[in-house]
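Coordinate analysis (summary)
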Amino acid sequence: MDLQFDPGSFKDPDGRIFEYQGNIYRTLSASAAERMRARVADGTLAALIDQGLLIDSELVGASDVGLADADLGETVMRHARIPVLTYPSEWSFDMLRDAALVTLDLLQQGLERDLMLKDATAFNVAFHDGRMKFFDTLSIDDYTEGAPWDGYAQFCREFLFPLMLTSYRGIEFQPWLRGSLSGIPVRTFARLLSLREKLRGPVVKHVVLQAKLDRSFADTDTEMRSSFKTMKFSKPMIVANVAGLSKTLRKLSYEAGDSVWGDYASSHSYSAEDATTKRQFVDQAVDHLSPSTVVDLGGNIGDYSFLVAPKVDRVLCVDIDPACINTLYRRIRDGGPTNVVPIVGDLLNPTPALGWNLTERRDLFERIRSESFFALALVHHLAIGGNVPLPRVVETLHRIAPSGVVEWVDKQDAMVQRMLRNRTDVFADYTWDVFRTELERRFNIVKTVETHDGARRLCLLEPR
Amino acid sequence: MVSFMRLNLTHVLINKHSKSPGFAVGRFPLRVLIAACGLVTLSSPAHAYIDPGTGGMLLQLLLGGVAGVLVIGKLYWLRIKEAFQNIFGGGADSEESKDSNSETGN
């Protein structure tokens, strides 16, 4: 039987994700199946799904879906498919904050029903259908009276501290979360803050004191867990902590002070005529190629992604600038097309494979491969900004998708001139002829259109 | 093999005349306050799916109010006491007490 278990789903002995005949399932241990049946019976799952907090999930009989011989027990859980899973290091500020708020909301509602989340990792949440949704149903566990919230420190490391780092210090959190799958440790984070920041109320509580206690007692052999019951630690204390965290998160502001691209839409070099030409070209290219999936590389705030979203199943909009992706996410959240997936990603240094055996989290290219790509006003950033030779640029574009639209930006273009203003021009091979030759090695150039008085060229590329 | 000492405040409360140096805190006001709170439930720890983290657990106790503050105070007190015992030759007793209150895990 061809069951493909997700290599990143192995930590919870209660169940693993697998794919079978195009559907996504989760195995359930006997106790997990019992718990989930109870959650279905008392309406918890339905309520969370209806509110958009939890991904669509249902219990199905293993034999009813052709899994009778798979030795998986009587019941499995079927989930909605998340076509492209993105990771916290690829989210923008508001995406991580919304993921945090979804987690807290779920926990708060769970506590009202005597339930608990047994962990609080950001990897339990995914961007799906235009919003952040929780998908690790097995994290929903029974609440034991008197027990603490075990996920609190993890919540701080993976949500609160990265968001505080960006909000208070103006340092984007993405590289930090790419560097560590378990977030920012409390003692590390405490060292990153200035005295002024350490005087803020939430920082005193969640950072300074937590770090101090951790530093003082992490190496003791003392078992502390039993103290919670003894001290009559109770649910309202967790509820109060969760409410406080929620309030703190909502108050964090995001100012993209150093964003190069946040204001690109109003500062780019397109005349109204060129902009119209470009939009028409892209629109017609999608009609011609009729791809079901598009990846918009260097997609900025998603103007071209939005343009073609109604014509395709899915658009992945990848941009290096977290501020742009944040704007894009807000546009989607505020009523934009829900089949656009915002991704913070650097093509010169894409998210690598990460975690256990390098299979726990998959690399960016493996996840964004599509039927067509857009590489609009991108090639000069890779070739001149990143010193990547044109043949390699074209090779990588082809690796990502077999067809697409690429924009050539000539050396005489104002943007390229600005990139070269303080450097030696070592780019003798950066010419349209070289680029065209490389394109023709891997694609069929269907048509080209010039803009910017010939300084730029749009190319429609078919599979060769 | 890892041995660990369990901090059980009920134990402190009930064993007023304990000879165990680890819990012999006769003049410490903690037990009086706890007694006033009526916290005498014996408990067995439920295990967490993930490591809740020392700082994360203790902070929740602290945010939990007076009783939590007392637990933290107790932990600091034990630490000070241990330091004194190490300086004034009580280290051997302390080890013995640790063993007598220990559980063995792996």
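Worth saying up front: this structure is predicted, and the values here are computed from it rather than measured.

Some words on the overall build of chain A
Across its full length, chain A carries 19 helices and 16 strands. A burial count over chain A gives 56% of its 464 residues as buried. A total accessible area of about 19,400 Å² is found for chain A, and carbon and sulfur atoms account for 47% of it.

Examining the overall build of chain B
In terms of regular secondary structure, chain B is built from five helices and two strands. For chain B, the succession of helices and strands along the chain, N to C, is β-α-α-α-α-α-β. The contacts in chain B between residues at least 6 apart in sequence include a share of 71% that link residues at least 24 apart. Here chain B displays about 6,000 Å² of accessible surface, and carbon together with sulfur accounts for 60% of that area.

Looking at the pairing of strand E13 (residues 372–375) of chain A
Regular strands place their side chains on alternate faces of the sheet. Residue and element names in this part refer to chain A. On E13, burial covers both faces: Ser372 and Phe374 on one face and Phe373 and Ala375 on the other are all buried. As judged from the four bridges shared by strand E10 (residues 293–297) and E13, these two strands associate in the parallel manner. Residue pairing in the sheet places Val294 in a bridge with Ser372 of E13.

Describing the nonpolar core
Within the largest apolar cluster, 138 residues are counted, with the highest numbers of intra-cluster contacts made by Trp149, Ile368, Phe373 and Val406 of chain A. Ranked by size, the runner-up nonpolar core spans 11 residues in total, among them Val60, Val65, Leu67 and Ala70 of chain A.

Regarding helix H19 (residues 432–442) of chain A
Residues and elements named next belong to chain A. Among all positions in H19, only Trp432, Phe435, Glu438 and Leu439 are buried. Buried residues of H19, viewed axially, fall in a sector of 130°; they line one side. Looking at the packing, one finds that the buried side of H19 touches helix H16 (379–385), helix H17 (390–400), strand E14 (403–409), strand E15 (443–451) and strand E16 (456–463).

Points about the sheet that holds strand E12 (residues 340–344) of chain A
Residue and element names in this part refer to chain A. Spatial ordering of the open sheet is given by E12-E11-E10-E13-E14-E16-E15, a layout of seven strands whose pairing is mixed. Edge positions in the sheet fall to E12 and E15, since each of these pairs with one other strand and no more. Recorded for the sheet is a direction-independent mean angle of 20° between the axes of neighbouring strands. On top of the sheet, helix H12 (residues 272–289) reaches E13, E14, E15 and E16; it is set at about 5° to E16, its chief contact. Packed onto the sheet, H19 meets E14, E15 and E16 and runs at close to 150° relative to E15.

Here's the deal with the sheet that holds strand E2 (residues 17–20) of chain A
Residues and elements named next belong to chain A. Here we have five strands laid out as an open sheet, ordered E1-E2-E3-E5-E4, and antiparallel in their pairing. Each of the sheet's edge strands pairs with one partner strand only, and the pair in question is strand E1 (4–5) and strand E4 (57–61). With four bridges connecting them, strand E3 (residues 23–27) and strand E5 (residues 75–79) associate as antiparallel partners. Counterpart to Thr27 in the pairing with E5 is Val76.

A few points about the packing of helix H3 (residues 93–112) of chain A against helix H14 (residues 322–333) of chain A
All names here are of chain A. Two elements in contact, H3 and H14, have axes separated by 7 Å at closest approach and are oriented at 55°. Classified by the angle their axes make, H3 and H14 are oblique. Each of Phe93, Asp94, Met95 and Asp98 in H3 lies in contact with H14, whose residues at this interface are Ile325, Asn326, Tyr329, Arg330 and Arg333. Class assignment of the residues belonging to the contact of H3 with H14 gives a composition of four nonpolar, one polar and four charged.

Quick look at unusual backbone geometry
Residues and elements named next belong to chain A. One non-glycine residue, Asp129, lies in positive phi territory at about 55°. Within the secondary structure layout, Asp129 lies in the loop between strand E7 (125–128) and strand E8 (131–134). Phi at Asp453 takes a positive value of approximately 55°, unusual for a residue other than glycine. Mapped onto the elements of the fold, Asp453 is located in the loop between E15 and E16. Judged by its relative accessible area of 81%, Asp453 is exposed.

Regarding the confidence of the model for chain B
All names here are of chain B. For chain B, mean pLDDT is 58; residues scoring 70 or higher make up 40% of the total. Note on residues 1–45: pLDDT is under 50 here. Beyond four places in sequence and across chains, it has 94 contacts. The low-confidence segment residues 92–106 (pLDDT under 50) makes 24 contacts with residues lying over four places distant or belonging to another chain.

Here's the deal with the pattern of salt bridges
Residue and element names in this part refer to chain A. Applying the stated rule across the entire model yields 32 salt bridges over all chains. A salt bridge links Glu197 to Arg169, with the nearest nitrogen and oxygen atoms 3.3 Å apart. Here Arg169 lies in helix H4 (residues 152–169) and Glu197 lies in helix H7 (residues 195–198), a separation of 28 residues in the sequence. Notably, a salt bridge pairs Asp287 with Lys311, separated by 2.9 Å at the nearest N-O pair. Placement of the pair is Asp287 in helix H12 and Lys311 in the loop between helix H13 (303–308) and strand E11 (314–319), with a sequence separation of 24 residues. For Asp287, a relative accessible area of 46% puts it in the partly exposed group. One connected set of salt bridges, linked through shared partners, spans Asp12, Asp14, Arg35, Lys118 and Asp141.

A few points about the environment of Asp413 of chain A
All names here are of chain A. Among the structural elements, Asp413 can be located in the loop between E14 and helix H18 (414–420). Sequence separation of Asp413 and Ser269 is 144 residues, and the distance between their C-alpha atoms is 9.5 Å. Ignoring any residue separated from it by four or fewer positions in sequence, one finds Asp413 in contact with His452, Ala455 and Arg456.

Focus on the environment of Arg423 of chain A
Assignment of secondary structure puts Arg423 of chain A in the loop between H18 and H19. Those residues in contact with Arg423 of chain A that lie beyond four places of it in its chain are Ile384, Gly385 and Asn387 of chain A.

Structural notes on H12 of chain A
Residue and element names in this part refer to chain A. With 18 residues, H12 extends 26 Å from end C-alpha to end C-alpha; this agrees with the ideal 26 Å at 1.5 Å per step. Of all the residues in H12, the buried ones are Asp274, Lys278, Phe281, Val282, Ala285, Val286 and Leu289. All buried residues of H12 project into a common sector of 130° when viewed along the axis, lining one side. Facing away from the buried side of H12 by more than 90 degrees, the exposed set consists of Ala272 and Glu273. Those residues of H12 that are buried are in contact with H13, E13, E14, E15 and E16. Phi turns positive one or two residues past the end of H12, at Ser290, with a value near 35°.

Parameters at a glance
- Residues numbered from 1 in each chain as written.
- Chains lettered and ligands numbered in written order.
- Predicted model: local features only at pLDDT ≥ 70, side-chain atom pairs only at ≥ 80, totals over all residues.
- Heavy atoms only, no water.
- Helix = DSSP H or I, 4+ residues; strand = E, 2+ residues; numbered from the N terminus.
- Buried < 20%, exposed > 50% of the residue type's maximum accessible area, 1.4 Å probe, protein only.
- Areas by Shrake-Rupley, 256 points an atom, 1.4 Å probe, with all protein chains shown as cover.
- Contact = heavy atoms within 4.5 Å.
- Pairing = 2+ DSSP bridges.
- Core = buried A, V, L, I, M, F, W, Y, C linked by side-chain atoms within 4.5 Å.
- Arc of directions from axis to C-beta.
- Axes fitted to C-alpha atoms, helices over the stretch in contact; angles between N-to-C directions.
- Parallel < 35°, antiparallel > 145°, perpendicular 65-115°, else oblique.
- Nonpolar A, V, L, I, M, F, W, Y, C, P; charged D, E, K, R; others polar.
- pLDDT = per-residue confidence, 0-100.
- Salt bridge = Lys/Arg side-chain N within 4 Å of Asp/Glu carboxyl O.
- Expected span 1.5 Å × (residues − 1).

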